[in-house]
Amino acid sequence: MNEAADRLAGVEAAIAGAASRAQRRAGDVTLIAVSKTHDADAIRPLIAAGQRHFGENRVQEAAAKWPALQRETPGIALHLIGQLQSNKAEEAALLFDAIHSVDRSSLVQALGKACARAGRQPLLFVQVNIGDEEQKGGCAVADLPGLLAEATEAGLKIEGLMAIPPAELEPAPYFALLDELAERHGLPLRSMGMSGDYETAVMLGATHVRVGTALFGSRE
Ligand SMILES: *Cc1c(COP(=O)(O)O)cnc(C)c1O
């Protein structure tokens, strides 16, 4: 097996192990390979190994890389995991199959209009600033009910929550909190867990894990 296939098999086995320890089905967890900063030549081996969900954090970079790769291999799902500017909402609605970073009122309004114009709505997650950190993206925990209500009014269906726990702290309590918030609002999906902590996230209910370094090696 090549290196990409090896790494993919390792991450898939770790997800399956964590799911089984939590008495969950591994099939209920979607592995998103975070390909930001990596070029098509680095991405193709993972596609060849069977990976079909990929994550990017910038609309421009994704628009430059992915349409050609998607023509080569049909059936690839693209996830936007980084901040989205309102003026790129329509481009994002057309390019991505899921957007994990809905985090503010102005973006909800822009996405409502953009999805109506595009005639399609990607799977949508509200990003929550789960540690209430000063500098971090995501809507404040206290603002979540209001933002969800606004999304409904704008004609958007929110399917889940996404969070990145504070970097220097134990992530488990934050994953548990995100799971609880999703449950409270009747949302089925939880996007949580990165290379360093995706097994913990799976044990605490993640339906989508976003893994870059463990699949591609370190970024420049
Ligand atoms: C880059 C990124 C990831 C992947 O991080 P790794 O530590 O490389 O797995 C996951 N989620 C978000 C939002 C990211 O920006």
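Further up the page is the structure itself.
Just so we're clear, the structure is a prediction, and the values are computed from it rather than from any experiment. (Residues numbered from 1 in each chain as written. Predicted model: local features only at pLDDT ≥ 70, side-chain atom pairs only at ≥ 80, totals over all residues. Heavy atoms only, no water.)

### Comments concerning the pairing of strand β7 (residues 158-162)
Okay, so step 1: Counting buried residues in β7 gives five out of five residues, a clear majority hidden from the surface.
Okay, so step 2: Strand direction decides the pairing type here: strand β5 (residues 123-129) and β7, joined by four bridges, are parallel. The residue bridging V126 from the neighbouring strand is L161, located in β7.
Okay, so step 3: Relative to strand β8 (residues 189-191), β7 runs parallel, the two being bridged by three bridges. Within the sheet, the bridge partner assigned to M162 lies in β8 and is S191. (Buried < 20%, exposed > 50% of the residue type's maximum accessible area, 1.4 Å probe, protein only. Helix = DSSP H or I, 4+ residues; strand = E, 2+ residues; numbered from the N terminus. Pairing = 2+ DSSP bridges.)

### Things to note about the site of the ligand
Okay, so step 1: The environment of the ligand is made up of V34, K36, I81, M162, I164, M194, S195, R210, V211, G212, T213 and R219.
Okay, so step 2: A distance of 2.9 Å separates a nitrogen atom of the ligand from a polar atom in the side chain of R210.
Okay, so step 3: Between the ligand and R219, the relevant distance is 2.9 Å, taken from an oxygen atom to a side-chain nitrogen or oxygen of the residue.
Okay, so step 4: Coverage of the ligand by the protein chains reaches 88% of its 390 Å² of free accessible surface.
Okay, so step 5: When atoms are counted within 2 Å of each cavity's grid points, the one that captures over half of the ligand is the largest pocket. (Near = heavy atom within 4 Å. Polar contact = N/O pair within 3.5 Å; in protein donor to acceptor, adjacent residues only side chain to side chain. Areas by Shrake-Rupley, 256 points an atom, 1.4 Å probe, with all protein chains shown as cover. 1 Å grid on protein atoms, 1.4 Å probe; cavity = no way out; pocket = protein on both sides within 12 Å on 5 of 7 lines; lining within 4 Å. Sits in = over half its atoms within 2 Å of the grid points.)

### Some details on the nonpolar core
Okay, so step 1: Among the nonpolar cores identified, the biggest contains 64 residues, and F54 and V126 are the most heavily contacted of them.
Okay, so step 2: Per element, the largest residue contribution to this core is seven residues, and it comes from helix α1 (residues 3-21).
Okay, so step 3: When near neighbours in sequence (up to four residues on either side) are disregarded, V126 contacts H100, V102, C139, L144, L147, L148, I158, G160, L161 and M162. (Core = buried A, V, L, I, M, F, W, Y, C linked by side-chain atoms within 4.5 Å. Contact = heavy atoms within 4.5 Å.)

### Some details on the layout of surface pockets
Okay, so step 1: Computed from the structure, the largest pocket encloses a volume of approximately 180 Å³.
Okay, so step 2: Lining the largest pocket are 13 residues, and of these V34, K36, I81, M194 and R210 sit closest to its centre.
Okay, so step 3: Along the lines of polarity and charge, the residues of the lining of the largest pocket split into five nonpolar, five polar and three charged. (Points joined across faces, edges and corners; volume = space filled by probe spheres on them. Nonpolar A, V, L, I, M, F, W, Y, C, P; charged D, E, K, R; others polar.)

### Thoughts on the pairing of β5
Within a regular beta strand, the side chains point alternately toward one face of the sheet and then the other, so they alternate between its two faces.
Okay, so step 1: The buried fraction of β5 is high, at six of seven residues.
Okay, so step 2: Bridge count between strand β4 (residues 98-102) and β5: three bridges; the pairing is parallel. Residue pairing in the sheet places V102 in a bridge with V126 of β5.
Okay, so step 3: Once you follow β4 into helix α5 (residues 105-118) and on to β5, the crossover reads as right-handed. (Right-handed = clockwise from strand over helix to strand, strands pointing away.)

### Looking at the packing of helix α2 (residues 40-48) against helix α3 (residues 59-72)
Okay, so step 1: Their axes nearest at 11 Å, the elements α2 and α3 cross at an angle of 35°. When you trace α2 past α3, the crossing you get is right-handed. Note on element contacts: α3 touches α2 through K65, W66, L69 and E72, opposite A40, I43, R44 and I47. (Axes fitted to C-alpha atoms, helices over the stretch in contact; angles between N-to-C directions. Left-handed = near helix turned anticlockwise from the far one by under 90°.)

### Focus: the pattern of salt bridges
Okay, so step 1: A full pass over the atoms with the stated rule returns 14 salt bridges.
Okay, so step 2: The partner of R21 in a salt bridge is E199, and the shortest N-O contact between them spans 3.8 Å. One end of the pair, R21, is in helix α1; the other, E199, is in helix α8 (residues 198-203), with 178 residues separating them in the sequence.
Okay, so step 3: Here D97 makes a salt bridge to R120, at a shortest N to O gap of 3.2 Å. On the criterion of sequence distance, the pair formed by D97 in the loop between α4 (89-95) and β4 and R120 in the loop between α5 and β5 is long-range, its members being 23 residues apart.
Okay, so step 4: What makes R120 partly exposed here is its relative accessible area of 31%.
Okay, so step 5: One continuous salt-bridge network, built from bridges that share partners, spans D41, R44 and E72. (Salt bridge = Lys/Arg side-chain N within 4 Å of Asp/Glu carboxyl O.)

### Let's talk about the packing of α5 against helix α6 (residues 144-153)
Okay, so step 1: Contact pair α5 / α6: the axes reach a minimum separation of 9 Å and the direction vectors enclose 15°. Relative to α6, the element α5 lies roughly parallel. α5 and α6 meet at a crossing whose hand is right-handed. Residue-level contacts link S105, V108 and Q109 of α5 to L147, E150 and A151 of α6. (Parallel < 35°, antiparallel > 145°, perpendicular 65-115°, else oblique.)

Shape is all these values report; function is a separate question.
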